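Descriptive structure summary
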Amino acid sequence: MPGDKRCFVVEEGENPSTDYFVMPFLREQGYTPLRRTFSQLPTAGELQGATVVFVRYLPGPWRALVTQHRAAIAGLYLFMDDDLFDWRAFIGMPLRYQAKLLRLSWRHRGWLRSQGAKLLVSTPYLQSKYAHWQPQLLPARPPEPVLAGAGTAESPPVMTVFYHGSASHGADLRWLRPVIAEVLERNEKLVFEVIGNAAVNRLFRGLPRVHVLHPMKWPTYRALVQRPGRTIGLAPLLDNRFNRARAHTKFFDITLAGAVGVYARGDIYGDIVRDGENGLLVPMEQGAWAEAILRLVDDAALRQRLLEGARACL
């Protein structure tokens, strides 16, 4: 990246993409990151010699500003941690989310090329798929350290199993529903926590001990998961176009929550999870997932060992 150490990080708001990938990378490179929302525009003088990094999305006011002052900007980048340039990857997503990706990401490909922008990506899959852009791969880093003595994996009277997906995880949630139904039926001390809208609430209606949390902003979520009370985190991942571009950041979410994880077996979580050492890697078979969850419920020593192994990776 260019030598000037001022860098405007353009984001919709505080978000995991910036915290897990962009901020650690910029700080490692010696940059002074200046976080700006879509409406917080710098002056022409402030842009002089600075670098601009768009995180996932390109808002209209910023695009116009960069077009006008491109010659003064030292470097221009887009960070991408989903496959935002292939509309086929959006199929099956909620229509509102598809429209957002098309409007704020996909349609700007030509403009980015015309402005000499470079690509920063989160996974080897994206690095390979968009090799003609010569993208730079950024490793995921936890946003803040976990204290070594913060919490244990002792068995509470009620154990919370959780899955915290976003609007883009609908297929994974539908796959997970029978798994949750089985484990709740087989163990009455389990509670399931999920984040979602009215559709998610309808999906899990009829199951006992299910708590559906409203979607929330990233700073609120970050504070939520660092409060104690969660035991087992789930990270299923169906093999579809959108999921192939995912990174393993849910490993950090689950570990920061003081929980142990059950993760989809494959390259994405296999990049950081060592089965039986810092989590469980399980094939995407619903029966196998139910058994893995119940195994963790019954084995406090295993949970403690996995939690310690996971925290050592942060």
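In case you missed it, the structure is sitting above this.
Below: a short report on this structure. (Residues numbered from 1 in each chain as written. Predicted model: local features only at pLDDT ≥ 70, side-chain atom pairs only at ≥ 80, totals over all residues. Heavy atoms only, no water.)

Here's the deal with the overall build of the chain
The secondary structure content of the chain amounts to 13 helices and twelve strands. Here the chain has a C-alpha radius of gyration of 21 Å; the compact-globule value for 314 residues is 20 Å, and the two agree. Considering the chain as a whole, with its 314 residues, one finds that 52% of them fall into the buried category. Within the chain, residue pairs in contact and separated by at least 24 positions form 70% of the contacts whose partners lie at least 6 positions apart. Placing the 39 positive and 29 negative side-chain charges of the chain at their respective mean positions leaves the two points 8 Å apart. (Helix = DSSP H or I, 4+ residues; strand = E, 2+ residues; numbered from the N terminus. Rg over C-alpha atoms; globule rule 2.2 N^0.38 Å. Buried < 20%, exposed > 50% of the residue type's maximum accessible area, 1.4 Å probe, protein only. Contact = heavy atoms within 4.5 Å. Lys, Arg positive; Asp, Glu negative; His and termini not counted. Charge placed at Lys NZ, Arg CZ, Asp CG, Glu CD.)

A word on the nonpolar core
Core analysis: the biggest nonpolar cluster contains 72 residues, and Phe192, Phe204, Ile232, Leu234, Val262, Tyr269 and Ile293 have the highest contact counts within it. Counting residues per element, this core draws most heavily on helix H7 (residues 170-186), which supplies eight residues. If you look at the next biggest cluster of nonpolar residues, it comprises 34 residues, including Phe38, Leu84, Trp111 and Ala117. (Core = buried A, V, L, I, M, F, W, Y, C linked by side-chain atoms within 4.5 Å.)

A short note on the sheet that holds strand E10 (residues 232-235)
Hydrogen bonds between backbone atoms are what pair the strands of a sheet, whose relative direction is either parallel or antiparallel. An order of E9-E8-E7-E10-E11-E12 is seen for the six strands of this open sheet, with the pairing classed as parallel. Both edges of this open sheet fall to strand E9 (210-213) and strand E12 (280-282), since each of them pairs with a single strand only. Strand after strand, the sheet turns through a mean of 20° between neighbouring axes, direction not considered. Of the strand pairs in this sheet, strand E8 (residues 190-195) and E9 are connected by four bridges, and their pairing is parallel. Residue valine 194 lies in a different strand from E9, and its bridge partner there is valine 212. (Pairing = 2+ DSSP bridges. Axes fitted to C-alpha atoms, helices over the stretch in contact; angles between N-to-C directions.)

A look at unusual backbone geometry
With a phi angle near 50°, glutamine 134 is a residue other than glycine that sits in the positive phi range. If you trace the backbone, glutamine 134 turns up in the loop between helix H6 (124-129) and strand E6 (136-137). Owing to a relative accessible area of 69%, glutamine 134 belongs among the exposed residues under this scheme. Of note in this structure, arginine 209 is not a glycine but carries a positive phi near 60°. Tracing the sequence through the fold places arginine 209 in the loop between helix H8 (198-203) and E9. Residue arginine 209 is classed as partly exposed on the basis of its relative accessible area, which comes to 28%.

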